[in-house]
Amino acid sequence: MKQVNIAIFVSGSGTNCENLIRYFEHSETVHCVLVVSNKADAYGLVRAEKLGIPTAVTPKAQLNDESVMLPLLRQYSVDFIVLAGFLPLIPDFLIRSFPRRIVNIHPALLPKYGGKGMWGHHVHEAVKAAGECETGMTVHYVTPVCDAGEIIAQYRCALSPNDTVEDIAAKEHQLEMEYFPQVVEKVLREQF
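Positions within a chain are numbered from 1, following the residues in the order the chain's sequence is written. With pLDDT at 70 or above as the cut-off, local features in this predicted model cover only qualifying residues; side-chain atom pairs require 80 or more to be listed or tallied, and sums for whole chains, interfaces and linings still use all residues. Computation of side-chain values covers all heavy atoms of the structure but excludes hydrogens and water.

Enquirer: Help me understand the packing of aromatic side chains, please; the structure alone is not making it clear to me.
Expert: When we look at a pair of aromatic rings, we describe it by the centre distance and by the angle of the planes. Note on ring pairs: Phe, Tyr and Trp rings are taken, using the six-membered ring of Trp, and paired if centres are within 6.5 Å. Classes follow the plane angle, with under 30 degrees stacked, over 60 edge-to-face and the rest tilted. Taken as a whole and assessed by the stated rule, the structure comprises four aromatic pairs. Between phenylalanine 9 and phenylalanine 86, the ring centres sit 5.2 Å apart and the planes meet at 70°, which makes this aromatic pair edge-to-face. Of this pair, phenylalanine 9 sits in strand S1 (residues 4-10) while phenylalanine 86 is found in the loop between strand S4 (80-83) and helix H5 (92-97), placing the two residues 77 residues apart along the sequence. With respect to burial, phenylalanine 9 and phenylalanine 86 carry one shared label: buried. Measuring from centroid to centroid gives 6.4 Å for phenylalanine 80 and phenylalanine 192, while their planes differ by 80°, and the two rings are edge-to-face. Placement of phenylalanine 80 in strand S4 and of phenylalanine 192 in the segment after helix H7 (165-191) is noted, with a sequence separation of 112 residues between them. Whether a charge sits over a ring depends on NZ of Lys or CZ of Arg being within 6 Å of the ring centre and within 35 degrees of the ring normal. Between the NZ or CZ atom of arginine 100 and the centre of the ring of tyrosine 141, over which it lies, the distance is 4.1 Å. Comment: elements are numbered from the N terminus, with helices defined as DSSP H or I runs of at least four residues and strands as E runs of at least two. Relative accessibility decides the category of a residue: with a 1.4 Å probe and only protein chains considered, values under 20% of the type maximum give buried, values over 50% give exposed, and everything between is partly exposed.

Enquirer: Would you explain the sheet that holds strand S7 (residues 151-158) in this entry?
Expert: Sheets are built from strands that pair by backbone hydrogen bonding, the pairs being arranged parallel or antiparallel. Pairing between two strands is assigned when DSSP locates at least 2 bridges connecting them. A sheet is described by the order of its strands in space; here seven strands give the open sequence S3-S2-S1-S4-S5-S6-S7, paired in mixed fashion. Of all the strands in the sheet, just strand S3 (55-57) and S7 have a single pairing partner and so form its edges. For this sheet, the mean angle separating the axes of adjacent strands, direction not counted, is 20°. Bridge count for S1 against strand S2 (residues 30-37) is seven bridges, and the pairing is parallel. Across the sheet, isoleucine 6 pairs through a bridge with cysteine 32, a residue of S2. Two residues qualify as a contact provided that any one of their heavy atoms is within 4.5 Å of a heavy atom in the partner residue. Axis definition: a line fitted to C-alpha atoms, limited for helices to the stretch in contact. Angles are taken between N-to-C directions and run from 0 to 180 degrees. Contacts from helix H1 (residues 15-24) reach S1, S2, S4 and strand S5 (102-106) within the one sheet, and its direction differs from that of S2 by about 160°. Here helix H2 (residues 43-50) sits on the sheet and contacts S1, S2 and S3; the angle it forms with S3, its principal contact strand, is near 160°.

Enquirer: Hey, could you run me through the packing of helix H6 (residues 120-129) against H7 in this one?
Expert: Helix-helix packing: each pair is described by the crossing angle between the helix axes and the interaxial distance. Interaxial distance between H6 and H7 falls to 9 Å at its minimum, and their mutual angle equals 115°. Relative to H7, the crossing made by H6 is right-handed. For the pair formed by H6 and H7, the contact residues are His121, His124, Glu125, Val127 and Lys128 on the first element and Val165, Ile168, Ala169 and Glu172 on the second. Definitions for this section: a left-handed crossing has its near helix turned counterclockwise from the far helix by less than a right angle. A right-handed crossing has that turn clockwise.

Enquirer: Would you mind showing me how to read the pairing of S5 here?
Expert: On any regular strand, side chains alternate: one points to one face of the sheet, the next to the other face. Extensive coverage of S5 is indicated by the burial of five of its five residues. Judged by which residues are buried, S5 turns out to be covered on both faces: Ile102, Asn104 and His106 on one side and Val103 and Ile105 on the other are all buried. Across three bridges, S4 lies against S5 in parallel orientation. Within S5, the residue paired with valine 82 across the bridge is valine 103. The path from the first strand over the helix to the second decides the hand: if it runs clockwise while the strands point away from the viewer, the crossover is right-handed. Following the chain from S4 across H5 to the adjacent parallel S5, one finds a crossover that is right-handed. Alignment of S5 against strand S6 (residues 134-141), held across four bridges, turns out to be antiparallel. For asparagine 104, the partnering residue across the bridge sits in S6 and is histidine 140.

Printed below as a string of structure tokens:
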């Protein structure tokens with residue numbers, strides 16, 4: 001595998017972002033070179049900075065501006081983008097510029113509980129309300145349609161009727177921490 005520079009896009013606390021940075025920090029081939037957020041107060045930016053990773057804030061207008069985003073990603077020689085709790089839709093020009101080189105993590109077993117408004121606790125509340133006996137995480141390629149890209153991997157965990165929304169979230173998050181970096185690494189090995 002050749003050297004691959006990845007950018008991680010975050011909107012929130014950044015636990016997956018930090019997990020990815022730490023997973024690849026001693027890799028000879030995969031380098032986390034940039035963390036991008038649409039929110040200046042996203043704690044994921046603080047996590048990245050503490051680990052010595054450059055950061056950039058790109059609110060919606062900048063995210064959707066080709067003349068801002070493409071030069072930013074070129075500046076860091078980004079080859080691949082990982083969405084780790086990034087909420088805005090990715091603009092078409094980025095999807096065209098990084099074909100099958102943008103992946104997203106979703107906190108449910110797609111195609112269930114995906115699409116607009118289905119993120120974070122909203123997903124876990126819907127899983128609880130439906131009385132599901134299992135949940136899980138999905139890693140998929142990003143396309144212009146929210147949560148509709150080809151599924152790369154899914155991991156499942158059992159639920160009990162007594163599980164609270166918080167219990168469901170904790171079980172699903174444990175899957176993310178264990179498997180997300182491994183799935184990203186596998187995709188990178190296949191592509192590069």
